[in-house]
Amino acid sequence: LSLNLAADCNAVLKALQPIFQEQGMTETVHNWEDHGYLVTYIKKNGSFANLRIHPHGLVLVDLQSYNDHMKGREEVDQLLNKVEERMKELFHGNIKRVKRLPAILRGGVIDRYWPTADGRLVEYDIDEVVYDEDSPFQNIKILHSKQFGNILILSGDVNLAESDLAYTQAIMGSGKEDYTGKEVLILGGGDGGILYEIVKLKPKMVTMVASNIDQMVIDGCKKYMRKTCGDVLDNLKGECYQVLIEDCIPVLKRYAKEGRMFDYVINDLTAVPISTSPEEDSTWEFLRLILDLSMKVLKQDGKYFTQGNCINLTDALTLYEEQLSRLYCPVEFSKETVCVPSYMELWVFYTIWKKQTDI
(Lines give C-alpha, C1' and ligand atoms only; values in the text may rest on other atoms or scores of the structure.)
Protein backbone atom coordinates (compact mmCIF):
# COMPACT_ATOMS: atom_id res chain seq x y z
CA LEU A 1 0.00 0.00 0.00
CA SER A 2 1.42 3.35 -1.04
CA LEU A 3 0.32 6.73 0.34
CA ASN A 4 0.27 10.20 -1.17
CA LEU A 5 1.91 11.64 1.94
CA ALA A 6 4.42 10.78 4.65
CA ALA A 7 3.17 8.19 7.13
CA ASP A 8 2.79 8.61 10.86
CA CYS A 9 4.34 5.20 11.59
CA ASN A 10 3.06 5.05 15.16
CA ALA A 11 -0.49 5.90 14.06
CA VAL A 12 -0.42 3.18 11.38
CA LEU A 13 0.86 0.63 13.89
CA LYS A 14 -1.82 1.46 16.47
CA ALA A 15 -4.53 1.24 13.79
CA LEU A 16 -3.45 -2.18 12.56
CA GLN A 17 -2.46 -3.82 15.86
CA PRO A 18 -6.00 -4.95 16.82
CA ILE A 19 -6.41 -6.86 13.55
CA PHE A 20 -3.45 -9.11 14.30
CA GLN A 21 -4.17 -9.33 18.02
CA GLU A 22 -7.65 -10.65 17.23
CA GLN A 23 -5.91 -13.58 15.52
CA GLY A 24 -4.09 -14.45 18.76
CA MET A 25 -0.73 -13.48 17.30
CA THR A 26 2.30 -12.53 19.40
CA GLU A 27 3.75 -9.13 18.52
CA THR A 28 7.39 -8.03 18.32
CA VAL A 29 8.12 -4.39 17.40
CA HIS A 30 11.37 -3.07 15.94
CA ASN A 31 11.70 0.63 15.25
CA TRP A 32 14.48 2.82 13.94
CA GLU A 33 14.73 6.57 14.06
CA ASP A 34 13.89 7.92 10.59
CA HIS A 35 13.41 4.40 9.19
CA GLY A 36 10.00 3.38 10.48
CA TYR A 37 8.80 0.12 12.00
CA LEU A 38 9.15 -3.60 11.39
CA VAL A 39 6.55 -5.57 13.33
CA THR A 40 6.30 -9.35 13.36
CA TYR A 41 3.18 -11.25 14.38
CA ILE A 42 3.46 -14.97 15.10
CA LYS A 43 0.61 -17.43 15.54
CA LYS A 44 0.79 -20.61 17.61
CA ASN A 45 0.55 -22.76 14.46
CA GLY A 46 3.72 -21.17 13.08
CA SER A 47 2.01 -18.75 10.67
CA PHE A 48 3.41 -15.25 10.79
CA ALA A 49 3.05 -11.77 9.35
CA ASN A 50 5.61 -9.03 8.74
CA LEU A 51 4.32 -5.45 8.85
CA ARG A 52 6.80 -2.90 7.49
CA ILE A 53 5.89 0.77 7.84
CA HIS A 54 8.11 3.25 6.00
CA PRO A 55 7.99 6.96 6.94
CA HIS A 56 7.81 8.05 3.29
CA GLY A 57 4.37 6.41 2.96
CA LEU A 58 4.90 2.76 2.01
CA VAL A 59 3.21 0.07 4.10
CA LEU A 60 3.99 -3.60 3.37
CA VAL A 61 2.27 -6.67 4.78
CA ASP A 62 3.72 -10.13 4.11
CA LEU A 63 1.90 -13.23 5.34
CA GLN A 64 3.30 -16.74 5.49
CA SER A 65 1.32 -19.73 6.60
CA TYR A 66 1.12 -23.47 6.09
CA ASN A 67 -2.24 -23.80 4.45
CA ASP A 68 -2.88 -26.43 1.81
CA HIS A 69 -6.63 -26.00 1.85
CA MET A 70 -9.12 -23.39 0.74
CA LYS A 71 -10.13 -22.42 4.28
CA GLY A 72 -6.60 -21.25 5.08
CA ARG A 73 -6.47 -19.09 1.97
CA GLU A 74 -9.82 -17.55 2.85
CA GLU A 75 -8.49 -16.63 6.30
CA VAL A 76 -5.50 -14.88 4.74
CA ASP A 77 -7.77 -12.96 2.36
CA GLN A 78 -10.05 -11.91 5.23
CA LEU A 79 -7.10 -10.58 7.24
CA LEU A 80 -5.77 -8.61 4.26
CA ASN A 81 -9.25 -7.21 3.62
CA LYS A 82 -9.38 -5.92 7.19
CA VAL A 83 -5.93 -4.31 6.85
CA GLU A 84 -6.98 -2.59 3.63
CA GLU A 85 -10.27 -1.35 5.11
CA ARG A 86 -8.55 -0.01 8.24
CA MET A 87 -5.95 1.85 6.15
CA LYS A 88 -8.67 3.42 4.02
CA GLU A 89 -10.46 4.59 7.18
CA LEU A 90 -7.22 6.03 8.55
CA PHE A 91 -6.05 7.84 5.42
CA HIS A 92 -9.33 8.48 3.57
CA GLY A 93 -8.43 9.75 0.08
CA ASN A 94 -4.67 9.84 0.59
CA ILE A 95 -3.97 6.28 -0.58
CA LYS A 96 -2.17 6.34 -3.92
CA ARG A 97 -2.11 2.61 -4.64
CA VAL A 98 -3.14 -0.68 -3.08
CA LYS A 99 -1.50 -3.75 -4.63
CA ARG A 100 -2.22 -7.28 -3.49
CA LEU A 101 -0.05 -10.03 -5.00
CA PRO A 102 -1.17 -13.66 -5.41
CA ALA A 103 0.16 -16.16 -2.90
CA ILE A 104 3.43 -17.90 -3.71
CA LEU A 105 3.09 -21.59 -2.92
CA ARG A 106 6.40 -22.99 -1.65
CA GLY A 107 7.49 -26.56 -1.12
CA GLY A 108 4.64 -28.10 -3.09
CA VAL A 109 4.84 -31.36 -5.02
CA ILE A 110 4.51 -29.33 -8.21
CA ASP A 111 6.94 -26.47 -8.82
CA ARG A 112 5.19 -23.71 -10.75
CA TYR A 113 7.90 -21.02 -10.64
CA TRP A 114 10.63 -20.61 -13.23
CA PRO A 115 12.87 -17.62 -14.00
CA THR A 116 12.94 -16.02 -17.44
CA ALA A 117 16.28 -15.40 -19.16
CA ASP A 118 16.19 -11.74 -18.13
CA GLY A 119 15.60 -12.48 -14.46
CA ARG A 120 11.83 -12.23 -14.03
CA LEU A 121 9.88 -14.85 -12.10
CA VAL A 122 7.07 -16.54 -14.00
CA GLU A 123 4.36 -18.68 -12.46
CA TYR A 124 3.17 -21.41 -14.79
CA ASP A 125 -0.20 -23.13 -14.58
CA ILE A 126 1.44 -26.50 -13.91
CA ASP A 127 -0.99 -29.16 -12.70
CA GLU A 128 0.96 -32.40 -13.13
CA VAL A 129 4.50 -33.79 -12.98
CA VAL A 130 4.57 -36.04 -16.03
CA TYR A 131 8.22 -37.14 -15.91
CA ASP A 132 11.03 -36.44 -13.44
CA GLU A 133 14.33 -38.30 -13.76
CA ASP A 134 18.03 -37.66 -13.21
CA SER A 135 20.33 -38.75 -16.04
CA PRO A 136 24.14 -38.82 -15.81
CA PHE A 137 24.08 -35.34 -17.38
CA GLN A 138 21.11 -33.44 -15.95
CA ASN A 139 17.72 -33.43 -14.29
CA ILE A 140 14.92 -33.99 -16.79
CA LYS A 141 11.40 -32.84 -16.06
CA ILE A 142 8.32 -32.85 -18.22
CA LEU A 143 5.53 -30.88 -16.56
CA HIS A 144 2.00 -30.40 -17.81
CA SER A 145 0.65 -26.87 -18.22
CA LYS A 146 -3.04 -26.24 -18.84
CA GLN A 147 -2.08 -23.50 -21.28
CA PHE A 148 1.06 -24.81 -22.99
CA GLY A 149 0.72 -28.60 -22.81
CA ASN A 150 3.71 -30.67 -21.71
CA ILE A 151 6.88 -28.64 -21.08
CA LEU A 152 10.42 -30.07 -21.23
CA ILE A 153 12.63 -28.59 -18.47
CA LEU A 154 16.32 -29.51 -18.30
CA SER A 155 18.19 -28.72 -15.07
CA GLY A 156 15.72 -25.97 -14.23
CA ASP A 157 15.75 -24.39 -17.70
CA VAL A 158 12.51 -24.30 -19.70
CA ASN A 159 13.45 -25.82 -23.07
CA LEU A 160 10.32 -26.36 -25.12
CA ALA A 161 6.59 -26.91 -24.72
CA GLU A 162 4.10 -28.59 -27.00
CA SER A 163 2.75 -25.10 -27.72
CA ASP A 164 6.10 -23.85 -29.07
CA LEU A 165 5.96 -24.64 -32.79
CA ALA A 166 6.94 -20.98 -33.31
CA TYR A 167 10.38 -21.77 -31.83
CA THR A 168 10.91 -24.73 -34.14
CA GLN A 169 9.78 -22.82 -37.20
CA ALA A 170 12.01 -19.85 -36.37
CA ILE A 171 15.16 -21.96 -35.92
CA MET A 172 14.42 -23.57 -39.30
CA GLY A 173 14.19 -20.26 -41.15
CA SER A 174 10.56 -19.29 -40.58
CA GLY A 175 9.20 -21.14 -43.60
CA LYS A 176 11.43 -19.32 -46.10
CA GLU A 177 13.69 -22.27 -46.90
CA ASP A 178 13.28 -25.18 -49.31
CA TYR A 179 14.63 -28.31 -47.65
CA THR A 180 13.66 -30.61 -50.51
CA GLY A 181 16.58 -32.88 -51.39
CA LYS A 182 18.94 -31.03 -48.99
CA GLU A 183 21.58 -32.30 -46.56
CA VAL A 184 20.79 -31.04 -43.04
CA LEU A 185 22.79 -31.25 -39.80
CA ILE A 186 20.99 -30.67 -36.48
CA LEU A 187 23.15 -30.04 -33.41
CA GLY A 188 21.13 -30.81 -30.28
CA GLY A 189 17.38 -30.93 -30.71
CA GLY A 190 16.88 -33.85 -28.33
CA ASP A 191 13.16 -33.08 -28.05
CA GLY A 192 12.80 -34.15 -31.70
CA GLY A 193 10.77 -31.11 -32.75
CA ILE A 194 13.16 -29.81 -35.44
CA LEU A 195 13.76 -33.30 -36.84
CA TYR A 196 10.03 -33.99 -37.02
CA GLU A 197 9.27 -30.78 -38.90
CA ILE A 198 12.17 -31.09 -41.37
CA VAL A 199 11.43 -34.71 -42.26
CA LYS A 200 8.02 -33.53 -43.49
CA LEU A 201 9.80 -31.31 -46.04
CA LYS A 202 11.43 -34.23 -47.91
CA PRO A 203 15.14 -33.59 -47.35
CA LYS A 204 17.77 -35.90 -48.81
CA MET A 205 19.21 -36.69 -45.36
CA VAL A 206 19.01 -35.20 -41.87
CA THR A 207 21.70 -36.04 -39.31
CA MET A 208 20.96 -35.14 -35.70
CA VAL A 209 23.84 -35.13 -33.22
CA ALA A 210 24.53 -33.29 -29.97
CA SER A 211 27.12 -32.73 -27.30
CA ASN A 212 26.48 -35.68 -24.97
CA ILE A 213 22.94 -36.01 -26.31
CA ASP A 214 20.96 -37.54 -23.49
CA GLN A 215 19.18 -40.79 -24.29
CA MET A 216 16.88 -40.20 -21.32
CA VAL A 217 15.73 -36.90 -22.88
CA ILE A 218 14.87 -38.78 -26.06
CA ASP A 219 13.09 -41.51 -24.08
CA GLY A 220 11.04 -38.98 -22.13
CA CYS A 221 10.14 -36.90 -25.18
CA LYS A 222 9.14 -39.78 -27.43
CA LYS A 223 6.71 -40.90 -24.72
CA TYR A 224 5.40 -37.58 -23.37
CA MET A 225 6.12 -34.93 -26.08
CA ARG A 226 4.64 -36.64 -29.11
CA LYS A 227 2.79 -33.50 -30.19
CA THR A 228 6.28 -32.04 -30.69
CA CYS A 229 8.31 -34.98 -32.02
CA GLY A 230 5.69 -37.23 -33.59
CA ASP A 231 7.19 -40.66 -34.20
CA VAL A 232 10.69 -39.65 -35.37
CA LEU A 233 12.34 -40.59 -32.06
CA ASP A 234 10.83 -44.10 -32.05
CA ASN A 235 13.78 -45.24 -34.19
CA LEU A 236 17.25 -43.70 -34.46
CA LYS A 237 17.20 -44.22 -38.23
CA GLY A 238 14.53 -43.46 -40.77
CA GLU A 239 14.22 -43.23 -44.52
CA CYS A 240 15.83 -39.78 -44.61
CA TYR A 241 17.29 -39.24 -41.14
CA GLN A 242 19.66 -40.63 -38.52
CA VAL A 243 20.15 -39.74 -34.85
CA LEU A 244 23.68 -40.09 -33.46
CA ILE A 245 24.00 -40.55 -29.70
CA GLU A 246 27.50 -39.10 -29.36
CA ASP A 247 29.43 -35.91 -28.71
CA CYS A 248 28.94 -33.46 -31.57
CA ILE A 249 32.44 -31.94 -31.45
CA PRO A 250 34.33 -35.09 -32.58
CA VAL A 251 31.59 -35.69 -35.16
CA LEU A 252 31.98 -32.15 -36.56
CA LYS A 253 35.76 -32.54 -36.67
CA ARG A 254 35.41 -35.87 -38.46
CA TYR A 255 32.98 -34.45 -41.01
CA ALA A 256 35.31 -31.49 -41.64
CA LYS A 257 38.27 -33.83 -42.20
CA GLU A 258 36.21 -36.02 -44.54
CA GLY A 259 35.02 -32.97 -46.46
CA ARG A 260 31.37 -33.71 -45.79
CA MET A 261 29.25 -30.61 -46.39
CA PHE A 262 25.70 -29.60 -45.50
CA ASP A 263 23.16 -27.23 -47.01
CA TYR A 264 21.86 -26.34 -43.55
CA VAL A 265 23.32 -26.55 -40.05
CA ILE A 266 20.82 -25.95 -37.24
CA ASN A 267 22.35 -25.38 -33.81
CA ASP A 268 19.88 -26.11 -31.02
CA LEU A 269 22.53 -26.90 -28.38
CA THR A 270 22.42 -23.85 -26.13
CA ALA A 271 21.23 -20.26 -26.03
CA VAL A 272 23.65 -17.34 -26.08
CA PRO A 273 25.13 -17.22 -22.57
CA ILE A 274 23.70 -14.60 -20.21
CA SER A 275 27.24 -13.89 -18.98
CA THR A 276 29.02 -11.05 -20.79
CA SER A 277 32.48 -12.18 -19.68
CA PRO A 278 33.70 -14.67 -22.32
CA GLU A 279 37.05 -15.02 -20.59
CA GLU A 280 35.26 -16.31 -17.47
CA ASP A 281 32.44 -18.37 -18.99
CA SER A 282 33.41 -21.59 -20.78
CA THR A 283 30.05 -21.61 -22.58
CA TRP A 284 31.32 -18.81 -24.82
CA GLU A 285 34.38 -20.89 -25.74
CA PHE A 286 32.13 -23.85 -26.55
CA LEU A 287 29.87 -21.60 -28.60
CA ARG A 288 32.77 -20.22 -30.69
CA LEU A 289 34.14 -23.73 -31.27
CA ILE A 290 30.77 -24.97 -32.51
CA LEU A 291 30.47 -21.94 -34.80
CA ASP A 292 33.89 -22.48 -36.37
CA LEU A 293 33.39 -26.21 -36.84
CA SER A 294 29.91 -25.63 -38.28
CA MET A 295 31.24 -23.16 -40.84
CA LYS A 296 33.77 -25.80 -41.95
CA VAL A 297 31.00 -28.26 -42.81
CA LEU A 298 28.59 -25.65 -44.25
CA LYS A 299 28.42 -25.33 -48.02
CA GLN A 300 29.48 -22.00 -49.48
CA ASP A 301 25.85 -21.11 -50.18
CA GLY A 302 24.52 -22.88 -47.05
CA LYS A 303 22.81 -21.39 -44.02
CA TYR A 304 23.38 -21.78 -40.29
CA PHE A 305 20.41 -21.28 -37.97
CA THR A 306 20.54 -20.85 -34.22
CA GLN A 307 18.70 -19.32 -31.29
CA GLY A 308 20.06 -16.23 -29.56
CA ASN A 309 18.35 -15.41 -26.30
CA CYS A 310 15.74 -13.09 -24.80
CA ILE A 311 15.48 -9.77 -26.64
CA ASN A 312 16.10 -7.89 -23.37
CA LEU A 313 19.62 -9.32 -23.03
CA THR A 314 21.05 -6.74 -25.40
CA ASP A 315 24.62 -6.87 -24.03
CA ALA A 316 24.89 -10.65 -24.42
CA LEU A 317 23.39 -10.56 -27.91
CA THR A 318 25.76 -7.77 -28.99
CA LEU A 319 28.70 -9.78 -27.67
CA TYR A 320 27.51 -12.83 -29.63
CA GLU A 321 27.38 -10.76 -32.81
CA GLU A 322 30.93 -9.59 -32.12
CA GLN A 323 32.06 -13.23 -31.96
CA LEU A 324 30.81 -13.73 -35.51
CA SER A 325 33.54 -11.39 -36.77
CA ARG A 326 36.20 -13.62 -35.21
CA LEU A 327 35.48 -16.86 -37.06
CA TYR A 328 38.03 -18.43 -39.40
CA CYS A 329 35.98 -17.26 -42.38
CA PRO A 330 34.03 -14.00 -42.89
CA VAL A 331 30.27 -14.34 -42.34
CA GLU A 332 27.15 -12.21 -42.52
CA PHE A 333 24.00 -12.59 -40.48
CA SER A 334 20.42 -11.51 -40.01
CA LYS A 335 18.12 -11.93 -37.02
CA GLU A 336 14.44 -11.96 -36.18
CA THR A 337 12.44 -11.80 -32.99
CA VAL A 338 9.74 -14.39 -32.32
CA CYS A 339 7.25 -14.82 -29.49
CA VAL A 340 7.71 -18.30 -28.05
CA PRO A 341 4.53 -19.02 -26.04
CA SER A 342 5.88 -20.94 -23.05
CA TYR A 343 8.93 -18.66 -22.67
CA MET A 344 6.63 -15.69 -22.03
CA GLU A 345 9.26 -13.44 -23.59
CA LEU A 346 10.42 -12.45 -27.07
CA TRP A 347 13.26 -14.62 -28.37
CA VAL A 348 15.94 -13.73 -30.93
CA PHE A 349 16.96 -16.15 -33.71
CA TYR A 350 19.96 -15.83 -36.06
CA THR A 351 20.62 -16.81 -39.65
CA ILE A 352 24.33 -16.88 -40.51
CA TRP A 353 25.97 -17.49 -43.88
CA LYS A 354 29.43 -17.31 -45.41
CA LYS A 355 30.24 -13.98 -46.96
CA GLN A 356 30.46 -14.25 -50.71
CA THR A 357 33.78 -12.92 -51.96
CA ASP A 358 34.35 -11.46 -55.40
CA ILE A 359 36.68 -13.48 -57.57
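Treat the numbers as computed from the prediction; the structure is a model and nothing was measured. Going along each chain's sequence as written, the residues are numbered from 1 onward. Per-residue local features of the predicted model are confined to residues with pLDDT of at least 70, and side-chain atom pairs are confined, for both listing and counting, to 80 or more; whole-chain, interface and lining totals are unaffected and use all residues. Side-chain calculation: all heavy atoms of the structure are included, whereas hydrogens and water are not.

Looking at the element boundaries, Ser294 is found in helix α8 (residues 282-297). Apart from residues lying up to four places away in sequence, Ser294 is in contact with Leu187, Leu252, Val265 and Tyr304. The secondary structure listing takes helices from DSSP runs of H or I that are at least 4 residues long and strands from runs of E that are at least 2 residues long, numbered from the N terminus. Here, two residues are considered to be in contact whenever any of their heavy atoms come within 4.5 Å of each other.

Taking the numbering used here, the UniProt-annotated feature "active site" (unreviewed entry) corresponds to Asp268. Mapped onto the elements of the fold, Asp268 is located in strand β16 (residues 262-268). When near neighbours in sequence (up to four residues on either side) are disregarded, Asp268 contacts Tyr167, Ile171, Leu187, Gly188, Gly189, Asp191, Ile194 and Gln307. For Asp268, the side chain forms a polar contact with the side chain of Tyr167, separated by 2.4 Å. UniProt positions are given in the numbering used here, feature names are shortened, and annotations may be inferred rather than shown by experiment. Whenever two N or O atoms come within 3.5 Å, that pair is a polar contact, provided that in protein one can donate a hydrogen and the other can accept it, and provided that, for residues adjacent in sequence, both atoms are side-chain atoms.

Another aspect to go through is the sheet that holds strand β11 (residues 149-154). Strands in a sheet are paired, the pairing made by backbone hydrogen bonds, and the direction either parallel or antiparallel. In space, the four strands of this open sheet follow the order β9-β10-β11-β12, with antiparallel pairing throughout. Edge positions in the sheet fall to β9 (126-134) and β12 (157-161), since each of these pairs with one other strand and no more. In this sheet, neighbouring strand axes are inclined to one another by 25 degrees on average, regardless of whether the strands run parallel or antiparallel. Relative to strand β10 (residues 139-145), β9 runs antiparallel, the two sharing seven bridges. Pairing of Ile126 across the sheet is with Ser145, part of β10. Helix axes are fitted to C-alpha atoms over the stretch in contact, other axes to C-alpha atoms as well, and angles between N-to-C directions run from 0 to 180 degrees. Along the sheet, helix α5 (residues 215-224) contacts β9, β10 and β11; its crossing angle with β9, the most-contacted strand, is approximately 150 degrees. The pairing criterion is simple: DSSP has to find at least two bridges between the two strands.

Moving on, we get to the sheet that holds strand β14 (residues 205-209). Spatially, the seven strands line up as an open sheet ordered β15-β14-β13-β16-β17-β19-β18, and their pairing is mixed. Because the sheet does not close on itself, it has two edges, and the strands there are β15 (241-244) and β18 (331-340). Put simply, the sheet's adjacent strands are angled 15 degrees from each other on average, direction ignored. Bridging between strand β13 (residues 183-188) and β14 involves five bridges; their strand directions are parallel. Within β14, the residue paired with Leu187 across the bridge is Val209. Running over the sheet, helix α7 (residues 248-258) touches β13, β14, β15 and β16 and is turned about 155 degrees from β13.

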